Structures are given as structure tokens and as C-alpha cells.
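The primary structure of each chain is shown beneath.
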Amino acid sequence: MKLENKVAVITGGGSGMGRASALLFAAEGAKVAVVDLDERSAAETASEINAAGGQAAAIRADVSKEKDAENMIAAAEKRFGTPTIIFNNAGIEGESAYIAKMTEDAFDRVIAINLRGVFLGMKYVLPGMIKAGGGAIVNQASIAGMVAVRGGVAYCAAKAGVIAMTRVAALEYARYNIRVNCICPGGIETAMAKRIRKGAAPDPKAVSRISVLNRMGQPEEIAKMALFLASDDASFATGAPFVVDGGWTIS
Ligand SMILES: NC(=O)c1ccc[n+]([C@@H]2O[C@H](COP(=O)([O-])OP(=O)(O)OC[C@H]3O[C@@H](n4cnc5c(N)ncnc54)[C@H](O)[C@@H]3O)[C@@H](O)[C@H]2O)c1
């Protein structure tokens with residue numbers, strides 16, 4: 001098993017890629033703190049892991065709030081020991097609006113959760129990792145941090161910011177044996193993708209524009225990349241954005 005006896009925190013673990021990653025990390029031997037704003041969905045993920053013989057605990061936190069971020073790490077530590085893995089995955093799509101129509105509140109909300117949330121997750125997990133002698137941080141960015149998406153000024157800025165913070169963190173903490181990487185998924189079929197489509201089925205034309213493989217990605221395909229980056233398999237990888245986008249950005 002790739003994560004035997006490791007303690008992992010996964011934010012946004014109640015749904016989508018966070019949930020798939022929690023299940024996979026637990027199957028690989030990690031004790032998983034499943035963090036989500038939605039307590040019920042976090043509890044469902046944790047129950048599924050525990051029922052399958054793994055170890056998980058549900059923790060409610062809003063990653064955009066400093067006190068919550070501090071508490072989620074403390075709660076994980078109290079339950080399982082010092083976390084040496086974190087997947088800062090929680091995020092929202094926010095409102096889609098062109099710049100002149102984007103409200104300040106809508107902009108700030110996306111930045112608070114998708115950018116500050118990742119910063120706070122790193123800030124509070126790092127001291128324990130340093131004491132423990134090392135760790136692996138995986139941040140959830142997006143292809144939207146690399147290419148422009150109409151209506152996505154805040155989302156694209158936040159995700160580009162996650163890529164930048166990942167590089168800074170990798171540079172600052174390499175000497176403590178801490179690796180920091182991020183994932184840039186393309187279009188992944190999750191609750192978020194369904195919300196963006198307002199519940200409609202994927203439009204084949206739209207899908208073919210965002211994937212040369214002609215399909216949406218599945219959350220499990222991102223979980224596998226998160227597992228790779230969290231594990232010793234990625235021992236020489238740090239500070240990098242890992243693109244898993246079905247070929248979105250090659251054309
Ligand atoms: N779905 C995609 O196509 C796609 C592509 C690239 C990147 N992403 C990113 O991947 C991450 C996961 O997205 P998903 O598609 O699995 O979405 P999702 O909506 O299925 O899951 C996101 C989870 O995060 C939780 N969450 C939201 N705000 C939170 C907060 N303030 N504190 C704690 N938890 C919070 C939600 O309750 C939910 O359980 C996000 O950061 C998203 O921006 C998604």
C-alpha cells in the first residue's frame with residue numbers, strides 16, 4: 001500500500017474529486033480526515049471508508065476561515081496523529097460573469113475559498129510536517145489557471161494563484177523534506193460540472209472542444225494523480241503543476 005499509516009487531510013472530501021481521493025487514499029492505507037463545509041457529505045465519505053475497513057473521520061470546516069483551517073488540522077491531529085499529507089481540494093465555481101458585470105462580492109468569495117483556502121490549509125499543516133520530518137502537499141488548481149475562461153476572472157485568477165503559491169511553498173519548504181505540487185484538471189464530471197451545466201447532460205460539441213479524448217474526466221482519474229503526488233512515487237516532483245485535462249490545452 002502506498003500510504004500505509006500516513007495521516008491525510010482532504011478538503012472538499014464530501015463530493016467529487018475530494019471524495020474519490022479520500023476513498024483511494026484510505027484504500028492505500030491512509031487515515032483520512034475528510035473535511036467539508038457540508039458536514040453530512042463529509043460524514044458519508046467517512047462512513048463509506050470505515051464500512052470498507054479503512055479509517056476516516058469527518059470534520060466540518062470552511063477552508064476560507066482561518067480559525068476553521070487551524071481547527072481542521074488540530075482535529076485531524078487529535079484523532080489520528082500529525083498529518084503529513086494534505087490535499088487542498090475544496091473549491092467553488094462561483095458566478096460566471098464578464099469582468100464589467102462581476103460583483104466585488106462574487107469575486108471575493110471565489111478568491112476566499114479557492115485561493116485563501118489553499119493558503120490557510122498549507123499554513124496550518126506545515127508546522128506539524130516540519131516537526132514530523134517531512135510531508136507532501138497537493139493543491140487543487142485547474143486548467144483555468146493556465147488558460148482563459150470567459151466569465152471566469154475570479155476563478156482563473158484564484159487557480160493561477162494556486163499554481164504560484166505551490167511554487168513558493170515548494171521553494172520555501174524543500175529543506176524540510178516537504179514536497180508541494182498541484183493538479184490542473186480539465187473538465188471532470190462532478191457535482192460542480194453538473195451545476196455549471198444547470199443539470200443538463202454534457203453537450204457533445206462542448207465536450208469535444210475541451211477534450212481531444214472526447215469525454216469528460218472522472219473524479220477517480222484525478223484521485224490517482226493526487227495519490228501519486230502524495231506518495232513516495234513522486235519523490236522527485238515538487239513545485240509543479242500536473243495537467244490532467246484529456247488534452248484540453250494541447251490545441
Ligand atoms: N469539476 C471540474 O471540472 C474541475 C476542474 C478543475 C478543477 N476543479 C477544482 O476541483 C476541486 C473540487 O471540485 P469538484 O468538481 O470535485 O467539486 P464538488 O462541488 O463536487 O466538490 C467540492 C466540495 O468542496 C466543498 N466546499 C466548497 N466550499 C468549501 C469551503 N469553503 N470549505 C470546505 N469545503 C468546501 C463542497 O461542499 C464540496 O463537497 C475544486 O477546487 C474545483 O475548483 C474542478
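Our structure is the block above this text.
Quick caveat: nothing in here was measured; it's all calculated off a predicted structure. (Residues numbered from 1 in each chain as written. Predicted model: local features only at pLDDT ≥ 70, side-chain atom pairs only at ≥ 80, totals over all residues.)

(A) Up close: the site of the ligand. For the ligand, the set of nearby residues contains 31 residues, the closest of which are Gly 12, Ser 15, Gly 16, Gly 91 and Thr 190. Broken down by secondary-structure element, the contributors of at least two residues to the shell around the ligand are α1 (16-27), α4 (104-132) and α6 (191-196). Across the shell around the ligand, the residue classes break down as twelve nonpolar, 16 polar and three charged. (Near = placed C-beta within 6 Å. Helix = DSSP H or I, 4+ residues; strand = E, 2+ residues; numbered from the N terminus. Nonpolar A, V, L, I, M, F, W, Y, C, P; charged D, E, K, R; others polar.)

(B) Representation of the environment of Ile 85 within the structure. Considering the arrangement of structural elements, one finds Ile 85 in strand β4 (residues 85-88). For Ile 85, a count of 26 C-beta atoms within 10 Å gives the class buried. For the pair Ile 85 and Gly 134, spaced 49 residues apart in the sequence, the C-alpha separation amounts to 9.3 Å. If sequence neighbours within four positions are ignored, Ile 85 has contacts with Leu 3, Lys 6, Ala 8, Ala 30, Gly 135, Ala 136 and Ala 230. (Buried ≥ 20, exposed ≤ 12 C-beta atoms within 10 Å, placed from the backbone. Contact = placed C-beta atoms within 7 Å.)

(C) Here's a closer look at the packing of α4 against helix α5 (residues 153-173). Interhelical geometry of α4 versus α5 gives an angle of 15° and a closest axis separation of 9 Å. In this view, α4 runs roughly parallel relative to α5, as classed from their interaxial angle. For the pair α4 and α5, the crossing hand works out as right-handed. Residues Ala 106, Phe 107, Val 110, Ile 111, Asn 114, Leu 115, Val 118, Phe 119, Met 122 and Leu 126 of α4 touch α5, and the partners they reach there are Ala 154, Tyr 155, Ala 158, Lys 159, Gly 161, Val 162, Met 165, Ala 169 and Tyr 173. (Axes fitted to C-alpha atoms, helices over the stretch in contact; angles between N-to-C directions. Parallel < 35°, antiparallel > 145°, perpendicular 65-115°, else oblique. Left-handed = near helix turned anticlockwise from the far one by under 90°.)

(D) Main features of the pairing of strand β5 (residues 135-140). Across the six residues of β5, six count as buried, placing the element largely inside the fold. Covered by surrounding structure in β5 are Gly 135, Ile 137 and Asn 139 together with Ala 136, Val 138 and Gln 140, the residues of both alternating faces. Where β4 meets β5, four bridges bridge the pair, whose relative direction is parallel. Counted as the bridge partner of Phe 87 is Val 138 from β5. With α4 bridging β4 and the parallel β5, this β-α-β connection has right-handed handedness. Of the pairings in the sheet, the one linking β5 to strand β6 (residues 178-185) comprises six bridges and is parallel in character. Counterpart to Ile 137 in the pairing with β6 is Val 180. In this fold, β5 hands off to α5, which returns the chain to β6; that crossover is right-handed. (Pairing = 2+ DSSP bridges. Right-handed = clockwise from strand over helix to strand, strands pointing away.)

(E) Geometry of the pairing of β6. Of all the eight residues making up β6, eight are buried; the element is thus mostly covered by neighbouring parts of the structure. Both faces of β6 are covered, namely the face carrying Ile 178, Val 180, Cys 182 and Cys 184 and the face carrying Arg 179, Asn 181, Ile 183 and Pro 185. Here β6 pairs with strand β7 (residues 241-244) via four bridges, running parallel. For Pro 185, the partnering residue across the bridge sits in β7 and is Val 244.

(F) Highlighting the environment of Arg 109. Position of Arg 109 relative to the elements: it lies in helix α4. Along the primary structure Arg 109 and Met 146 are separated by 37 residues, whereas in three dimensions their C-alpha atoms are 21 Å apart.

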